[in-house]
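Listed here are the chains, written in short residue letters.
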Amino acid sequence: MGEPFPPGFLWGAATAAYQIEGSPLADGAGESNWHRFAHTPGLVKGGDTGDVACDHYRRWKDDVALMREIGLKAYRFSISWSRVMPEGVRLVNERGLDFYRRLVDTLDAAGIVPMATLFHWDLPAALENRGGWLNRDSANWFADYAGVVFEALDGGVRLWATLNEPWVITDGGYYHGILAPGHRNAFETPIAAHNLLRAHGAAVSSYRGHGRGAIGIVVNLAPKHPATDSDEDRAAARRGDAYMNRQFLDPIFRGRYPSELPGMYGEAWPAFPDSDLDAVRVSVDFVGVNYYTRNVVRHDAKARPDGAGVVRQQGLHTEMGWEVHPDGLYETLCMVRDRYGAVPLYVTENGAAFADPEPTGDEIVEDPLRVAYLRDHLAAARRAIASGVDLRGYFVWSLLDNFEWAHGYSKRFGIVRVDFATQKRTLKRSAAVYREIIESNGGAV
Ligand code: BGC
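Analysis parameters
Residues numbered from 1 in each chain as written. Predicted model: local features only at pLDDT ≥ 70, side-chain atom pairs only at ≥ 80, totals over all residues. Heavy atoms only, no water. Helix = DSSP H or I, 4+ residues; strand = E, 2+ residues; numbered from the N terminus. Rg over C-alpha atoms; globule rule 2.2 N^0.38 Å. Buried < 20%, exposed > 50% of the residue type's maximum accessible area, 1.4 Å probe, protein only. Contact = heavy atoms within 4.5 Å. Areas by Shrake-Rupley, 256 points an atom, 1.4 Å probe, with all protein chains shown as cover. Lys, Arg positive; Asp, Glu negative; His and termini not counted. Charge placed at Lys NZ, Arg CZ, Asp CG, Glu CD. Near = heavy atom within 4 Å. Polar contact = N/O pair within 3.5 Å; in protein donor to acceptor, adjacent residues only side chain to side chain. 1 Å grid on protein atoms, 1.4 Å probe; cavity = no way out; pocket = protein on both sides within 12 Å on 5 of 7 lines; lining within 4 Å. Sits in = over half its atoms within 2 Å of the grid points. Nonpolar A, V, L, I, M, F, W, Y, C, P; charged D, E, K, R; others polar. Salt bridge = Lys/Arg side-chain N within 4 Å of Asp/Glu carboxyl O. Axes fitted to C-alpha atoms, helices over the stretch in contact; angles between N-to-C directions. Parallel < 35°, antiparallel > 145°, perpendicular 65-115°, else oblique. Left-handed = near helix turned anticlockwise from the far one by under 90°. Points joined across faces, edges and corners; volume = space filled by probe spheres on them.

As for the overall build of the chain
Right, so step 1: Looking only at helices and strands, the chain features 15 helices and 13 strands.
Right, so step 2: The globule rule puts the C-alpha radius of gyration for 445 residues at 22 Å, and the 20 Å found for the chain is close to it.
Right, so step 3: In terms of its C-alpha atoms, the chain occupies a principal-axis envelope of roughly 60 × 55 × 45 Å.
Right, so step 4: When the 445 residues of the chain are sorted by exposure, 61% land in the buried category.
Right, so step 5: Taking as baseline every contact in the chain between residues at least 6 positions apart, the subset at least 24 positions apart corresponds to 77%.
Right, so step 6: By element, 49% of the accessible surface of the chain is carried by carbon and sulfur atoms, the whole surface being about 16,500 Å².
Right, so step 7: Averaging the locations of the 48 positively and 57 negatively charged side chains of the chain gives two centres separated by 1 Å.

Considerations on the site of the ligand
Right, so step 1: The local shell around the ligand holds 13 residues, among which Gln19, His120, Glu165, Glu349 and Glu404 are the closest.
Right, so step 2: Between the ligand and tyrosine 292 there is a distance of 3.4 Å, counted from an oxygen atom to a side-chain nitrogen or oxygen.
Right, so step 3: Its free accessible area being 310 Å², the ligand has 95% of it covered by the protein chains.
Right, so step 4: Taking a 2 Å distance to the grid points as the criterion, the majority of the atoms of the ligand fall inside the largest pocket.
Right, so step 5: Its residues assigned to classes, the shell around the ligand comprises 7 nonpolar, 3 polar and 3 charged.

Quick look at the pattern of salt bridges
Right, so step 1: Summed over all chains, the structure comprises 29 salt bridges.
Right, so step 2: A salt bridge links aspartate 338 to arginine 337, with the shortest nitrogen-to-oxygen separation between them at 2.7 Å.
Right, so step 3: By relative accessible area, arginine 337 is classed as partly exposed at 23%.
Right, so step 4: Between aspartate 367 and arginine 370 there is a salt bridge, with its nearest N and O atoms 2.8 Å apart.

Side note on the packing of helix H5 (residues 94-109) against helix H7 (residues 138-153)
Right, so step 1: Their axes nearest at 10 Å, the elements H5 and H7 cross at an angle of 40°. Considering the angle they form, H5 stands oblique to H7. The interaxial crossing formed by H5 with H7 has right-handed handedness. Facing Leu97, Tyr100, Arg101 and Val104 of H5, the residues of H7 in contact are Val148, Ala152 and Leu153.
Right, so step 2: Of the residues belonging to the contact of H5 with H7, the class tally is 6 nonpolar, no polar and 1 charged.

Points about empty space enclosed by the protein
The rolling of a water-molecule-sized probe over the atoms marks out the regions of remaining empty space.
Right, so step 1: Going through the model one piece at a time under the given rule, you end up with 3 cavities of 30 Å³ or more.
Right, so step 2: Space inside the largest cavity adds up to approximately 90 Å³.
Right, so step 3: What lines the largest cavity is a set of 13 residues, among which Tyr18, Glu21, Pro24, Ser80 and Arg83 lie closest to the centre.
Right, so step 4: When contributions to the lining of the largest cavity are tallied by element, the ones reaching two or more residues are helix H1 (17-20) and helix H4 (81-84).
Right, so step 5: The calculated volume of the second largest cavity comes to roughly 60 Å³.
Right, so step 6: Contributing to the lining of the second largest cavity are Asn33, Trp34, Phe119, Trp121, Leu123, Glu128, Trp133, Ile169, Tyr174, Leu179, Ala180 and Pro181.

Shape is all these values report; function is a separate question.
Listed below in structure tokens is the structure:
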């Protein structure tokens, strides 16, 4: 039994629209870039798509009942832009908004605080046709969309996140081509990152004055540890840190990009108008931190664009190949506080894919590695709180096994098992343990 977490700590679980909803074109929704990507042969493992996913679009009531059973205090989900605005701009699809209205009302009635992410990677395909995040207009498109959603859901939704993991969108979607839109272009990557930041700034500004809740951004961070003490490896760790951990937070908190970026991109680094970052440096009410692993890195010119190659460590790794390193969560939370000051933080994602056993009947699925992962990371979070970090909540990734992007359904992150053939949900041991942790406000960590 450890020390309890602060009173009112938000114990939650997280999901994202394209990963769980299914029915991507129902009730007047438009196509998203992820729908298009998944339907392009060869891009997603096994040809999997989000067409059905967890069928949450139709089973959402049962899923809220599951959340109650687990005792969640909060639920983080994302809104599908192309459900709400099929063309991305102008026309509003009320039936799409109604889905989220009902969800938010039901969560509220169940005493579960809704946290909504405006953009968790699924861009309306109609906007992708117009250049997507490479188009400077994307900041205005996003602010307009955000305004529509704020008007419909603010008040019920108490915590807003503008973007989920802009670094992954740009590194995966524009540099390495493994996520939508599947581009491999060093010249595009910093432009997409820049426009995502401008979009974030525009949405936060539009929230100010009307908004009743809090608004922030969700970034994924990983401490970068040099593999050796050599100057080369330490420089690689600094570049890796600038690229992944500071590229988005430095502009938001300091109004400038990390000085390492232009050198890293070379001729692909564009001359951005200085004034752009004035509109990005707008205060956020919180930062959401997604933490999965750390990276031990060495100088490796082939590991583009940051030249920081990951060195595989001894010890336990998840099915994603990610090293299990709970101390890194403590380090990450402290790092954000030390760099950017006393901004409220949430762990908006933390969790692990492991190969779970097949369920036998209705019996709980035993997932001891995930249970240990949860406990150890929560203990690290508690240490961060004890050392003065203003951590307000923790969201396990994920409530349900779901569509793990380019990996399709092959990686299971849920604390609830989903049988994708029947849509049957079965609690895993991690969900039962999490319930005890929540009931004791962290005493049972
Ligand atoms: C994303 C999730 C994803 C998870 C596990 C995060 O990068 O926000 O959508 O499923 O990590 O890979």
